[in-house]
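Summary of the model geometry
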Amino acid sequence: MARSAGVLLSITSLPSPYGIGTIGKEARKFADFLKKSGQTIWQILPVGPTSYGDSPYQSFSTYAGNPYLIDLDTLCEEGLLTKEEVMSRDWGSDDAEVDYEKIYNNRFEVLKIAYDNFKKGDQKAFTSFKRKNSSWLKNYALYMAVKKSFDMVSWTEWPDEEIKMRDEAAVKRYERKLKDDVDFWKFVQFKFYEQWESFRAYVNGLGIKILGDMPIYVAMDSADTWANPELFQLYDDGDPIAVAGCPPDYFSAEGQLWGNPLYNWPYHKQTGYAWWIQRVRHALGIYDLLRIDHFRGFDTYWAIPADSTTAKTGKWETGPRMELFNALEGALGKLPIIAEDLGELFPSVRELLADSTFPGMKVLQFAFSGGDSEYLPHNHVKNSVVYPGTHDNTTLTAWWDESASAKEKAVAAAYLHLTGYQPTAKEVAAVRTEAARTALLRAALGSVADRAIIPMADWLGLGEEAHLNSPGKLGGNWSWRAADGFDTAALAKRILAECAVYCRT
């Protein structure tokens, strides 16, 4: 494989006048910037509709697109909205942060106006879309319509037991009762995918691949869990038996309690992993490359009793291992997957990664705690992807200034030739942040790893304000937005030059 480089930037982090980044003009402008920078990969975060907490890793559907990403200017150009209808809304007062409450309160009202106007026009393309996507769209649209009718509470709290448990007569009754609202949610997906196909074609036309992100788990509060309870470890009343998370680690001394339902792996095996085949086929239909989050969970996963208040009470259980990936490749061919193989890795996890032949991840911020770390560049392998940090890490600037321990900074300073080989505390303190950031970026680009992916905030030299997600922290995540005009010609020229030195253009 030829050496290549890419940038990690959530679509939501793009500038826009409507409070959040979309797949409209600014997304195309950023793709142009990537082209000028010599980049061939744009890594994004999951694009599903977000639920409570606004995390893209907790979505109402594994198939649906996020309504927030629909470009409103395009809807105006189509005559479904007017500029006044869009601009009269309060989308937030801070261009550097997404105000999710205001987005939530305004976005769906505007989309409803667009839908009411859309109903007056030609429905042929919409009808075709509904037919082609009925396997997931019917369940998702009904789920959202019923959920809205019950003030958006999770399906496990719906007051009507019959629709909660998907009684056949109740499903038909709610489909009739909420028909217009069900069609609204289908329309939203129609517009998302119509715009997504145009956006992806534009990006691909520049020679850039979209690296999408698939969460290993689905949300408890999702159409997937409601419509397919047999796929998960649930009691007969729909409540979870055990939930997902991870034990204490680099990010959290308490561990992380995610709350996602765990898979009923024996059932998946019985069906030949049909649901997984459908899920991955869909993902590879909208992305060019696919990163699977928490890959180690396919080997062994942390199972936490559903009534526990801490992740510490969990225990390791065995996942499907290569049996799943053999089934996927048997159905779909060789998979362009990148494995997020971070966290506590047992020998069996490393064996699974090797057997799968998927490239794993090397993160430089984990490299300098001492000893011969696998994340140090001299230990990287070609079949891997190197990152200075991921969306869960803080930026390089903030890491050096605020997060890295004295030991980490001393090891990094010596390794990166910023000081002598046994630097004093005074020598380390004298290292300028900009010099450290540049050296870390060059260490990533100079790695033997086939692919190097740099978070956009690190190219921009931003600090903690651009830290997208702090695992274990409730609220305040996923909100950073790049400043208008961040993707300058001068920065593109610099990135191109830096990547060219290491033969990544």
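For the structure itself, look to the data block above.
Read on for an overview of the structure.

Cut-off values and rules
- Residues numbered from 1 in each chain as written.
- Predicted model: local features only at pLDDT ≥ 70, side-chain atom pairs only at ≥ 80, totals over all residues.
- Heavy atoms only, no water.
- Helix = DSSP H or I, 4+ residues; strand = E, 2+ residues; numbered from the N terminus.
- Rg over C-alpha atoms; globule rule 2.2 N^0.38 Å.
- Buried < 20%, exposed > 50% of the residue type's maximum accessible area, 1.4 Å probe, protein only.
- Contact = heavy atoms within 4.5 Å.
- Areas by Shrake-Rupley, 256 points an atom, 1.4 Å probe, with all protein chains shown as cover.
- Lys, Arg positive; Asp, Glu negative; His and termini not counted.
- Charge placed at Lys NZ, Arg CZ, Asp CG, Glu CD.
- Pairing = 2+ DSSP bridges.
- Axes fitted to C-alpha atoms, helices over the stretch in contact; angles between N-to-C directions.
- Polar contact = N/O pair within 3.5 Å; in protein donor to acceptor, adjacent residues only side chain to side chain.
- Phe/Tyr/Trp six-rings, centres within 6.5 Å; stacked < 30°, edge-to-face > 60°.
- Lys NZ or Arg CZ within 6 Å of the ring centre and 35° of its normal.
- Core = buried A, V, L, I, M, F, W, Y, C linked by side-chain atoms within 4.5 Å.
- 1 Å grid on protein atoms, 1.4 Å probe; cavity = no way out; pocket = protein on both sides within 12 Å on 5 of 7 lines; lining within 4 Å.
- Points joined across faces, edges and corners; volume = space filled by probe spheres on them.
- Nonpolar A, V, L, I, M, F, W, Y, C, P; charged D, E, K, R; others polar.
- Disulfide = S-S within 2.5 Å.

With that out of the way, let us pick up the overall build of the chain. Helix and strand counts for the chain stand at 20 helices and 12 strands. Computed over its C-alpha atoms, the radius of gyration of the chain comes to 23 Å, within 12% of the 23 Å expected for a compact globule of 505 residues. Referenced to the eigenvectors of the C-alpha coordinate spread, the extents of the chain come out at roughly 75 × 50 × 40 Å. Burial analysis of the chain (505 residues in total) assigns 58% to the buried set. For the chain, long-range pairs separated by at least 24 residues make up 72% of all intrachain contacts whose partners lie at least 6 apart in sequence. Accessible surface computed for the chain: about 20800 Å², of which carbon and sulfur atoms make up 53%. Placing the 55 positive and 67 negative side-chain charges of the chain at their respective mean positions leaves the two points 6 Å apart.

Now for the sheet that holds strand β8 (residues 315-318). Ordered in space as β5-β4-β7-β8, the four strands form an open sheet in which the pairing is antiparallel. Each edge of the open sheet is held by one strand with a lone partner, namely β5 (256-261) and β8. Adjacent strand axes in the sheet meet at a mean angle of 50 degrees when their direction is disregarded. Looking at chain direction, strand β4 (residues 242-246) and strand β7 (residues 300-305) are connected through four bridges and run antiparallel.

Right, let's get into the side chain of K147. Within the secondary structure layout, K147 lies in helix α6 (residues 134-149). A polar atom in the side chain of K147 sits 3.2 Å from the backbone oxygen of V153. Setting aside residues up to four positions removed in sequence, K147 forms contacts with F60, M152, V153, S154, W158 and D221.

Right, let's get into the packing of aromatic side chains. This model, assessed by the stated rule, comprises 54 aromatic pairs. Taking 5.7 Å as the distance between ring centres and 80 degrees as the angle between the ring planes, the aromatic pair formed by W42 and F199 counts as edge-to-face. Here W42, found in strand β2 (residues 41-43), pairs with F199, found in helix α9 (residues 179-205); they are 157 residues apart in sequence, far enough to count as distant. An identical accessibility class is assigned to W42 and F199; each is buried. Between K130 and the ring centre of F126, over which it is positioned, the NZ or CZ distance is 4.3 Å. Geometry around F346 places R296 over its ring, the cationic atom sitting 4.8 Å from the centre.

Turning next to the nonpolar core. The biggest cluster of nonpolar side chains holds 164 residues, and the ones touching the most others in it are I11, F30, W42, W196, W276 and F298. Considering each element in turn, this core owes the most residues, 11 residues, to α9.

Looking now at the layout of surface pockets. Considered as a void within the structure, the second largest pocket measures approximately 360 Å³ in volume. If you trace the second largest pocket, you find 20 residues lining it, with T50, S51, Y52, F60 and Y104 closest to the centre. When residues of the lining of the second largest pocket are traced back to their parent elements, those giving at least two are α4 (100-118) and α6. By residue number, the principal contributor to the lining of the second largest pocket is α4, which donates four residues. Taken together, the residues that form the lining of the second largest pocket break down as 12 nonpolar, four polar and four charged.

Owing to its 3.6 residues per turn, the α-helix aligns residues three or four sequence positions apart on the same side. For helix α13 (residues 322-332), the full list of buried residues reads M322, L324, F325, A327 and L328. On its buried side, α13 packs onto α11 (265-270), α12 (274-286) and α14 (347-356). Of the residues one or two after α13, G333 is the one with positive phi, at around 85 degrees.

Within this structure, the stated rule accounts for zero disulfides. Here C503 stays free of any disulfide, with the sulfur of C499 as its closest cysteine sulfur at 11 Å. The class of C503 is exposed, set by a relative accessible area of 56%.

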